[in-house]
Amino acid sequence: MSVCPKCGAPEDGSHLKCEFCGNPISTENTFNYETFLKQFGDKMIIIASKKGESDEDIQTALASIITQLYIPSDKKHLLLLTSFVVGSAQTIGSSISYMNVSSQSKILIAWLGKSIEISTKLKLMSRGDPQIAQAVTLLDGLEKYRENLQKAWSGLWKFLIAMGMILAVCLFIIKFVSKI
Ligand SMILES: [Zn+2]
């Protein structure tokens, strides 16, 4: 089965546009789901390394394509998407700090939002299935990164306040010295 190259929704070849995201479909451009995920990862790297774009624009662009990812209905594709989302969220979530939080938080929030959507869909399927149960555990475990995100934001504020105080002290000293 081929999927939309933009969002991963299934395509049966009878439409000119993706029914899910509206992306124009050309017959040469369709992938199977594994290839789609690989291409999606590559596309994220290309967007992230775009020169001349602000961190904010890159972050917004990445968060937007993550949010538009289609959630498949069949188990095989859901499990593939789960590993992709879990891996991506872990990579950002475990490295988030006050240094990168302002350029990464929207992307992490987009991944966490997607993980909730997938987990919700999986929970409607057979919970007795050990693969599904494991995927749900992995996805729900990502919630711990929200805590990292909050810590990173408060770390950034503390850092900025500390820098502000150092600057104030420096200005005070310069003023004091220049009077002597
Ligand atoms: Zn689409």
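Below is a short write-up of the structure.

As a further point, take the environment of Leu-138. Relative to the elements of secondary structure, Leu-138 occurs in helix 5 (residues 130–141). We classify Leu-138 as partly exposed; it has 19 C-beta atoms within 10 Å. For the pair Leu-138 and Thr-82, spaced 56 residues apart in the sequence, the C-alpha separation amounts to 8.3 Å. With near-sequence residues (within four places) excluded, Leu-138 lies in contact with Thr-82 and Val-86.

Interaxial distance between helix 4 (residues 101–124) and helix 5 falls to 9 Å at its minimum, and their mutual angle equals 155°. Of the possible angle classes, the one that applies to helix 4 and helix 5 is roughly antiparallel. Remark: the crossing between helix 4 and helix 5 carries left-handed chirality. Residues Ser-115, Ile-118, Ser-119, Leu-122 and Lys-123 of helix 4 touch helix 5, and the partners they reach there are Ile-132, Ala-135, Val-136, Leu-139 and Asp-140. By residue class, the composition of the contact of helix 4 with helix 5 is six nonpolar, two polar and two charged.

Further remarks concern the nonpolar core. What tends to happen in soluble globular proteins is that the nonpolar side chains get buried as a cluster. Val-85, Ala-89, Ile-92, Ile-107, Leu-108, Trp-111 and Leu-112 are the most contacted members of the largest nonpolar core, which has 29 residues in total. The biggest single contributor to this core is helix 4, with seven residues. Val-85 has contacts with Trp-111, Lys-114, Ser-115 and Ile-118, leaving out every residue within four places of it along the chain.

On to the packing of helix 1 (residues 33–48) against helix 3 (residues 75–95), then. Packed helices, taken two at a time, are described by the angle their axes make and the gap between the axes. Contact geometry of helix 1 with helix 3 gives a least axis separation of 10 Å together with a crossing angle of 20°. With respect to helix 3, the element helix 1 is oriented roughly parallel. Where helix 1 crosses over helix 3, the two elements pack in a sense that is right-handed. Residues Tyr-33, Glu-34 and Leu-37 of helix 1 form the contact with helix 3, whose own contacting residues are His-77, Leu-80 and Phe-84. Residue composition of the contact of helix 1 with helix 3, by class: four nonpolar, one polar and one charged.

Parameters and conventions
Residues numbered from 1 in each chain as written. Predicted model: local features only at pLDDT ≥ 70, side-chain atom pairs only at ≥ 80, totals over all residues. Helix = DSSP H or I, 4+ residues; strand = E, 2+ residues; numbered from the N terminus. Buried ≥ 20, exposed ≤ 12 C-beta atoms within 10 Å, placed from the backbone. Contact = placed C-beta atoms within 7 Å. Axes fitted to C-alpha atoms, helices over the stretch in contact; angles between N-to-C directions. Parallel < 35°, antiparallel > 145°, perpendicular 65-115°, else oblique. Left-handed = near helix turned anticlockwise from the far one by under 90°. Nonpolar A, V, L, I, M, F, W, Y, C, P; charged D, E, K, R; others polar. Core = buried A, V, L, I, M, F, W, Y, C linked by C-beta atoms within 7 Å.

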